[in-house]
Structures are given as C-alpha cells and as structure tokens.
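# Close look at the chain arrangement
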Amino acid sequence: MDLRDALRIPAADVTPEDVWKQRRRLVAGLAALPALGIAGCAEAEPPLPPAPTPAPAQVQDGFSTDEEPTRWEDATSYNNFYEFGSGKSDPSRAARTLRTHPWQVEVGGECGRPGVVDLDGLLEGLLPEERIYRLRCVEGWSMVIPWLGVPLASVLRRFEPTSRARYVAFTTLADPEQMPGVRQRTIRWPYREGLRIDEAMHPLAFLATGIYGRPLPQQNGAPVRLVVPWKYGFKSIKSIVEIRFTEKMPPTSWNQLQPREYGFFANVNPRVDHPRWSQATERRIAGTTSRLVANRIETRLFNGYADQVASMYSGMDLARWY
Ligand SMILES: Nc1nc2c(c(=O)[nH]1)N[C@H]1C(S)=C(S)[C@@H](COP(=O)(O)O)O[C@H]1N2
Ligand SMILES: [Mo]
C-alpha cells in the first residue's frame, strides 16, 4: 500500500511492527520526493536498508526518540476510548465497526475560512511525517508510539484563525448507534478537548492518521486524532469531527467531570500528584515486556519535552495550573 493512503484510508487488518519498520523507510522516502520532483509515484517499496537510528536533530526537536517502541499488539489492544467502553480491551473489540469513511470535520469559530471539509480536504497537499512520541496516560502508564500524520499547525492555518482565536476546541463523534459507550453516562458526550492557541500551533502538536506506518485503527482514534505528547493522554482526543477556534477557554470532558483531578492544561508533571495516586513514576509498556509487569520508570516534567515546550508556561504556576 502507498503510504500516502495511510493519511486517509481506515485500517481493517492488523500488521506487526516489522512491517512498520519496513514502511518507515518509505516515509523517509516520501519526505524526499518533492525535492526529487517525483511526487505521486511511490508504488514500489524501496529495498530494505538497515534500521535507521533516529537523527540527532529529530531527537533534539522531540520529533523522535531512541527509546524502545511499544509493540503494535499492545498499542492497539490496550486503549482508552470511552465511547467504546471503559475497559482497556473494550475499544479494540467494539470499535471495529466504527465507520471512518466518509468522514467530515466541521471547522468554525474565530477564523476567516470556516467550513465542513472531508478528511482529504483537511490534509490536502500536506506531506505525511513520522513522529515517535512518548504517550503518558494520567493513570500512570506510558507507551512509545510511531505516529504518522501532519503538524496540527499546518492544518489550522488553512482556516485563517483571527486574532480573537485564543483557544482551539476539538470534539469527537458521539454516535450511540456505533459507539456503545455513548449509551452509558460515564462522561458527558461528546468527548471534548481543547488547547491554548500557542499550544495548538507548537511544532510538537500533531494530527495523526496512522501508527507504525499504517492507517490508524479505529480503537486508536481513526480516522484522525490529536497527539499532544507533553500532556496527559486524555488531551489527545480521538476521531475528531469538529475543530473550533474560540476566544474563551473551552469546556473539556475530564475537567468537567472531575475538575479537582483533571485540569485544562494537564501538562505531565511528576511533582503534582493526582489526588488519588502519585505521578512520580509510570509503567512503561514497550518492547517485549508484558504490560502486566512493565518497567517502572521516572516520569519527566512535560513528559520529557520541557526543552521544547517549557517556555510556553513561563510565569505560570505549574502546580496551580495543572
Ligand atoms: N474521544 C476520546 N478520545 C480519547 C479518549 C477517550 O476516551 N475518548 N481517551 C484518552 C486517553 S485517557 C488516552 S490515554 C489516549 C489513549 O490513546 P491510545 O488508546 O491510542 O493509546 O486517548 C485519549 N483520547
Ligand atoms: Mo489516559
């Protein structure tokens, strides 16, 4: 399959990560295409060079990491997606029937070019990029996931946010027919999340349409989801149907449900404990380690992305604005 398709076409089948390791070279190849002037003919997969080590510049930008990635099997079977139930293995079973094509996203609010676009329109002309990010759930586990997608900023700019756009609000599909969890009153549907505009425009903020070089499986938020690696995982909203530029801080689902436990900013911070558990360490689900006995490692400020993002919060009391 052409990797360009991974930006658009929903996945049905499961692919082991050695396929990803092959395909990531294709991503690298794709990125080089415009320079070579041969865009649009990536039919044949190039021969397999030895596995690349992440480029130091990529690691420095936070775009990649040499930490051991999570296995495809774990990343696609241990999920939080409450629209499909609150158990970790519910989404991988129940989300298979989510229809991700056609898919439309409504963009509106404080912007010059509001409108309803299909996924192709949203991503048109943008080159797929790979980002290998840490994902730290507020519950105290973490993964290392190779995402495929585009920087959020390049998508948002197309809609020409006005100077009044201080925040960006995101909404997930809430269809009780397709999403059994939505029939239960666990949280107030639809699932909502939001970012301050500078956070949304930060180069690390990413719109993912794939993982491991393959289209995003439904349980991981197909066909398009947010990835904000320096924040707790609940900010990385899945299966997005609406993006809205707002003047005021938008309501967000976990914050509405339990404001004392889940803040709007939700920046990963080992020194600010959840009221019911410590955030100092995390269970890293990666490599061949069983997720039940996964390594406990120390949690890092901003999930290890402090060099890239800390300046956005200078002057903010990180313990108060959690
Ligand atoms: N719409 C929606 N998005 C969501 C969630 C959810 O329940 N519904 N769970 C969040 C949480 S708590 C985490 S940790 C991540 C998990 O992403 P993953 O299953 O792809 O690892 O998705 C986030 N996005
Ligand atoms: Mo989470």
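These numbers come from a predicted model, not from an experiment.

Let's shift gears to the side chain of Glu83. Relative to the assigned elements, Glu83 resides in the loop between helix 3 (72-75) and helix 4 (90-94). Despite its burial, Glu83 pairs with no opposite charge; the closest candidate is Lys238, at 7.6 Å N-O.

With respect to the element layout, Pro259 can be found in the loop between helix 8 (253-257) and strand 11 (281-284). The contact partners of Pro259, leaving out residues within four places of it in the chain, are Trp254 and Tyr322.

This brings us to the nonpolar core. With 76 residues, the main nonpolar core has Leu122, Trp147, Leu152, Phe170, Leu207, Leu226 and Trp230 as its most contacted residues. Considering every element that reaches this core, the biggest residue donor is strand 4 (residues 141-151), with 5 residues. Not counting residues within four places of it along the chain, the set of residues in contact with Leu152 comprises Phe170, Leu195, Ala200, Ala205, Phe206, Leu207 and Leu226.

The next subject is the site of ligand 1. Near ligand 1 you find 17 residues, and of these Asn79, Tyr82, Glu83, Ser236 and Lys238 are the closest. For ligand 1, the protein covers 99% of the area, taking 530 Å² as the surface of the free molecule. The residue inventory of the shell around ligand 1, partitioned by class, reads 8 nonpolar, 6 polar and 3 charged.

As a further point, take the pattern of salt bridges. Overall, the coordinates contain 15 salt bridges when judged by the stated rule. With a shortest N-O distance of 2.7 Å, Glu67 and Arg134 are connected by a salt bridge. Placement of the pair is Glu67 in the loop between helix 2 (56-61) and helix 3 and Arg134 in strand 3 (residues 129-136), with a sequence separation of 67 residues. Judged by its relative accessible area of 24%, Glu67 is partly exposed. The exposure class of Arg134 is buried, given its relative accessible area of 7%. Each member of the salt-bridge network shares a partner with another, and the members are Glu67, Arg134, Arg136, Glu282 and Arg284.

With that settled, consider the pairing of strand 7 (residues 206-211). Of all 6 residues making up strand 7, 6 are buried, and the element is well covered by its neighbours. In this sheet, strand 7 lies alongside strand 4 in antiparallel orientation, the contact comprising 5 bridges. Bridge assignment links Gly149 to a residue of strand 7, and that residue is Ala208. As defined by bridge partners, strand 7 adjoins strand 9 (residues 225-227) across 3 bridges and the pair is classed as antiparallel.

What follows concerns the side chain of Ser253. With respect to the helices, strands and loops of the structure, Ser253 is situated in helix 8. Within the local environment of Ser253, its side chain forms a polar contact with the backbone nitrogen of Arg192, the two atoms lying 2.7 Å apart. Ignoring any residue separated from it by four or fewer positions in sequence, one finds Ser253 in contact with Ile187, Arg188, Pro190, Tyr191 and Arg192.

Time to look at unusual backbone geometry. Backbone torsion omega between His101 and Pro102 reads 0°, so that peptide bond is classified as cis. Secondary-structure assignment places Pro102 in the loop between helix 4 and strand 1 (104-109). Positive phi is not limited to glycine here, since Glu160 has a value of about 50°. Note on placement: Glu160 falls in the loop between helix 6 (152-157) and strand 5 (167-172). Its identity is not glycine, yet Tyr212 carries a phi of approximately 50°, on the positive side. Within the secondary structure, Tyr212 is located in the loop between strand 7 and strand 8 (214-215). Assessed through its relative accessible area of 1%, Tyr212 is described here as buried.

Time to look at the sheet that holds strand 10 (residues 240-246). Across a sheet, strands are paired by hydrogen bonds formed along the backbone, either parallel or antiparallel in direction. Read across the sheet, 5 strands follow the order 2-1-10-5-6 without closing on themselves; strand pairing throughout is mixed. Of all strands in the sheet, those bounded by a partner on one side alone are strand 2 (115-118) and strand 6 (192-196). Direction aside, the axes of adjacent strands within the sheet are offset by 20° on average. The pairing of strand 1 with strand 10 spans 4 bridges and is classified as parallel. By the bridge assignment, Gly108 is partnered in strand 10 with Arg244.

Next up on the list: the confidence of the model for the protein chain. Summary statistics for the protein chain give a mean pLDDT of 87 and a share of 84% for residues scoring 70 or more. The low-confidence segment residues 28-51, where pLDDT is below 50, has 23 contacts with residues more than four positions distant or belonging to other chains.

A few words on the packing of aromatic side chains. Going through the model one piece at a time under the given rule, you end up with 13 aromatic pairs. Ring centres 5.5 Å apart and planes at 65° place the aromatic pair Trp254 and Tyr262 in the edge-to-face group. Residue Trp254 is classed as buried on the basis of its relative accessible area of 13%. Judged by centre distance (5.9 Å) and plane angle (90°), the ring pair of Phe265 and Trp321 falls under edge-to-face. Highlighted residues: Phe265 in the loop between helix 8 and strand 11 and Trp321 in the segment after helix 9 (306-309), separated in sequence by 56 residues. Note on Phe265: relative accessible area 4%, which makes it buried. Lying over the aromatic face of Phe63, Arg131 brings its terminal NZ or CZ to 3.8 Å of the ring centre.

Criteria and cut-off values
- Residues numbered from 1 in each chain as written.
- Chains lettered and ligands numbered in written order.
- Predicted model: local features only at pLDDT ≥ 70, side-chain atom pairs only at ≥ 80, totals over all residues.
- Heavy atoms only, no water.
- Helix = DSSP H or I, 4+ residues; strand = E, 2+ residues; numbered from the N terminus.
- Buried < 20%, exposed > 50% of the residue type's maximum accessible area, 1.4 Å probe, protein only.
- Lys, Arg positive; Asp, Glu negative; His and termini not counted.
- Salt bridge = Lys/Arg side-chain N within 4 Å of Asp/Glu carboxyl O.
- Contact = heavy atoms within 4.5 Å.
- Core = buried A, V, L, I, M, F, W, Y, C linked by side-chain atoms within 4.5 Å.
- Near = heavy atom within 4 Å.
- Areas by Shrake-Rupley, 256 points an atom, 1.4 Å probe, with all protein chains shown as cover.
- Nonpolar A, V, L, I, M, F, W, Y, C, P; charged D, E, K, R; others polar.
- Pairing = 2+ DSSP bridges.
- Polar contact = N/O pair within 3.5 Å; in protein donor to acceptor, adjacent residues only side chain to side chain.
- Axes fitted to C-alpha atoms, helices over the stretch in contact; angles between N-to-C directions.
- pLDDT = per-residue confidence, 0-100.
- Phe/Tyr/Trp six-rings, centres within 6.5 Å; stacked < 30°, edge-to-face > 60°.
- Lys NZ or Arg CZ within 6 Å of the ring centre and 35° of its normal.

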